[in-house]
Amino acid sequence: TETREVDAVALHEDGSVAALGSCKWTLEPMGLAEENLLARLEPFVKPGAGGSPPAHYFFSRSGFDEGLRSLAATQPERYVLVGLDELYRD
């Protein structure tokens, strides 16, 4: 068996998954491995209206590597990066 873990889930009113999230409190920037994990978990969740895939949120203490930043830049509504500045904004 494979262990599957997701750190955050947001649901639509109908119970379908709006977003999946991964949180890391490490000294290393978060990388594409976290996106690969969320992508592998998608088949196990109920898709949103019209079969739209859930957004992927990444929360990181130490920022994000170039690969993940580049991916988020291509589809900012689908891949959302949240660093300490956003978490602790006044």
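All of the points below concern the structure found in this document.

Rules used in this analysis
- Residues numbered from 1 in each chain as written.
- Predicted model: local features only at pLDDT ≥ 70, side-chain atom pairs only at ≥ 80, totals over all residues.
- Heavy atoms only, no water.
- Helix = DSSP H or I, 4+ residues; strand = E, 2+ residues; numbered from the N terminus.
- Contact = heavy atoms within 4.5 Å.
- Lys, Arg positive; Asp, Glu negative; His and termini not counted.
- Charge placed at Lys NZ, Arg CZ, Asp CG, Glu CD.
- Buried < 20%, exposed > 50% of the residue type's maximum accessible area, 1.4 Å probe, protein only.
- Arc of directions from axis to C-beta.
- Core = buried A, V, L, I, M, F, W, Y, C linked by side-chain atoms within 4.5 Å.

Moving on to the overall build of the protein. Broken down by element type, the protein carries three helices and four strands. From first element to last, N terminus to C terminus, the protein shows the α and β order β-β-α-β-α-β-α. Across its three principal directions, the C-alpha atoms of the protein cover 35 × 35 × 25 Å. When contacts within the protein are restricted to residue pairs at least 6 apart in sequence, long-range pairs at least 24 apart make up 55% of them. Within the protein, one finds 8 positive and 15 negative side-chain charges whose respective centroids are separated by 3 Å.

What follows is about the environment of Phe-44. Checked against the element boundaries, Phe-44 lands in the loop between helix 1 (32–41) and strand 3 (55–60). Residues Phe-44 and Met-30, 14 residues apart in the sequence, show an inter-C-alpha distance of 23 Å.

Turning our eyes to something else, we now look at the side chain of Ser-22. With respect to the helices and strands, the residue Ser-22 is situated in strand 2 (residues 17–24). Classification of Ser-22 as buried rests on a relative accessible area of 2%. Apart from residues lying up to four places away in sequence, Ser-22 is in contact with Asp-7, Met-30, Glu-34, Leu-38, Tyr-57, Phe-58 and Phe-59.

Turning to its location among the elements, Val-9 is positioned in strand 1 (residues 8–11). In sequence terms Val-9 and Arg-69 are 60 residues apart; their C-alpha atoms lie 21 Å from each other. When sequence neighbours within four positions are dropped, the list of residues in contact with Val-9 reads Val-17, Ala-19 and Leu-20.

Next up on the list: helix 1. Of all the positions in helix 1, only Glu-34, Glu-35, Leu-38 and Leu-41 are classed as buried. Seen along its axis, helix 1 keeps its buried residues to an arc of 125°; they face one direction. Considering only its buried residues, helix 1 is in contact with strand 2, strand 3, helix 2 (66–74) and strand 4 (79–82).

Moving on: the nonpolar core. Val-17, Leu-20, Met-30, Leu-38, Leu-41, Phe-58, Phe-64, Leu-68, Ala-72 and Tyr-79 form the largest nonpolar core, which has ten residues in total. Among the elements of the structure, strand 2, helix 1 and helix 2 are those that each provide at least two residues to this core. If near-sequence neighbours (up to four positions away) are discounted, Leu-38 is found in contact with Val-6, Leu-20, Gly-21, Ser-22, His-56, Tyr-57 and Phe-58.

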